[in-house]
Amino acid sequence: MDESYANLQTSHLLGSVPAVVSEDRKSTSYEAPVANLQAFPPNGAGGGRGYQTLRSPIEEIEQQPANNWNGVFSISSYTQYFNVDTDIVLNRLMSSLYPINGDFFSKIDSNPDLYGLVWISTTLMFLIASLGNCSTYLMDKRSDSSTSWSFDVNYVNVAACAIYGYTVIVPLAFYFLLQYLGSKPRLISFWCMWGYSLSIFILSSVLLIIPVEFIRWTVIIITGAASSSFVTLNLRSYVEGIDLTVVLVAAFILQFGLAIFIKMWFFA
């Protein structure tokens, strides 16, 4: 390129902007403003609190009011009651078959479980429904050899309502009753105890299939008496020092009534 063009003055040309260069060139440092995060939307109108600075998660947890009902509808809060192994369950099953001890609550005090309640109730429900149908067929077969097998699905519906309803509502009713009378029971312990009290019905339901009415009544009376004694003797630990004999009698009658109901409805 010609040197004449390189030395040409450009400050007077149209559209040119002279550069301003400071002789003292200093390095500039940029400082970012401190962020102040705020919650949205603001509630400033009407005397509200307006924008609020966000708190740390720890501060939020500490300042939140305690709400005991949140855990009632959370599945994770019930996982601890299913954290039992086979040895614990077998030990509690054996204890429920010996009702005279009356120390079941002391064995489950540190770790009451709902596994026994769910497992025993579900097993008993399907067992009495299926064996009840089989028992009805055998009784009809004795009177009429031409009787054909038929499964009455209504047995399952009745068994589910009766067993699940009993194991949930009855312990709940006694829990509120004893609390009202000044005792301090644990609802989970009540559900656990009443659930294991039904384990003896699983064994007796197998014998109830025998098509002999005298044997059936003998089995169900012994079963009802044993299960009722288990509930009453263990429930007595919550009413010591208080004259609540009527509560123990009511528990015995309800448990024995369940045994009679099973016999009359499913093994009539």
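Keep in mind that this is a model prediction, so the values were computed, not measured.

A look at the overall build of the protein chain
When helices and strands are counted, the protein chain shows 10 helices and 0 strands. N-terminal to C-terminal, the α/β element order of the protein chain is α-α-α-α-α-α-α-α-α-α. Out of the 268 residues belonging to the protein chain, those deemed buried represent 32%. Counted over contacts in the protein chain with a minimum sequence separation of 6, partners at least 24 positions apart contribute 69%.

Re the nonpolar core
It is characteristic of soluble globular proteins that their nonpolar side chains tend to be buried jointly. Residues Ile128, Phe174, Leu178, Phe190, Trp194, Leu235 and Phe266 are the most contacted members of the largest nonpolar core, which totals 54 residues. Listing elements by their share of this core, those giving two or more residues are helix 3 (86-96), helix 4 (104-108), helix 5 (115-143), helix 6 (154-180), helix 7 (187-196), helix 8 (199-207), helix 9 (213-235) and helix 10 (245-266). In terms of residue count, helix 6 provides more of this core than any other element does, 9 residues in total. Once you skip the residues sitting within four places of it in the chain, Leu235 turns out to touch Phe105, Phe174, Leu178, Phe190, Trp194, Val247, Leu248 and Ala251.

A closer look at the confidence of the model for the protein chain
Summary statistics for the protein chain give a mean pLDDT of 77 and a share of 69% for residues scoring 70 or more. In the model, residues 37-53 has pLDDT below 50 throughout and makes 20 contacts with residues more than four positions away in sequence or in other chains. In the model, residues 56-67 has pLDDT below 50 throughout and makes 2 contacts with residues more than four positions away in sequence or in other chains.

Points about the UniProt feature "transmembrane region" (unreviewed entry) in the protein chain
UniProt's entry tags residues 114-133, 153-178, 190-208, 214-233 and 245-266 with the feature "transmembrane region" (unreviewed entry), counted in the numbering of this structure. Between the end C-alpha atoms of residues 153-178 the distance is 38 Å, and the span holds 96% helix and 0% strand. For residues 245-266, helix accounts for 100% and strand for 0%, while the C-alpha atoms at its two ends are 32 Å apart.

Observations regarding the packing of helix 5 against helix 8
Remark: helix 5 packs on helix 8, axes separated minimally by 9 Å, with the N-to-C direction vectors making an angle of 20°. In terms of orientation, helix 5 lies roughly parallel with respect to helix 8. Here helix 5 and helix 8 pass one another in a crossing that is left-handed. Each of Ile120, Thr123, Leu124, Leu127, Ile128 and Leu131 in helix 5 lies in contact with helix 8, whose residues at this interface are Ser199, Phe201, Ile202, Ser205 and Val206. Its residues assigned to classes, the contact of helix 5 with helix 8 shows 8 nonpolar, 3 polar and no charged.

Quick notes on helix 7
Among the 10 residues in helix 7, 10 count as buried, and that is most of the element. What helix 7 keeps buried is the set Leu187, Ile188, Ser189, Phe190, Trp191, Cys192, Met193, Trp194, Gly195 and Tyr196.

Quick notes on the rules
- Residues numbered from 1 in each chain as written.
- Predicted model: local features only at pLDDT ≥ 70, side-chain atom pairs only at ≥ 80, totals over all residues.
- Heavy atoms only, no water.
- Helix = DSSP H or I, 4+ residues; strand = E, 2+ residues; numbered from the N terminus.
- Buried < 20%, exposed > 50% of the residue type's maximum accessible area, 1.4 Å probe, protein only.
- Contact = heavy atoms within 4.5 Å.
- Core = buried A, V, L, I, M, F, W, Y, C linked by side-chain atoms within 4.5 Å.
- pLDDT = per-residue confidence, 0-100.
- UniProt positions renumbered as here; feature names shortened; annotations may be inferred.
- Axes fitted to C-alpha atoms, helices over the stretch in contact; angles between N-to-C directions.
- Parallel < 35°, antiparallel > 145°, perpendicular 65-115°, else oblique.
- Left-handed = near helix turned anticlockwise from the far one by under 90°.
- Nonpolar A, V, L, I, M, F, W, Y, C, P; charged D, E, K, R; others polar.

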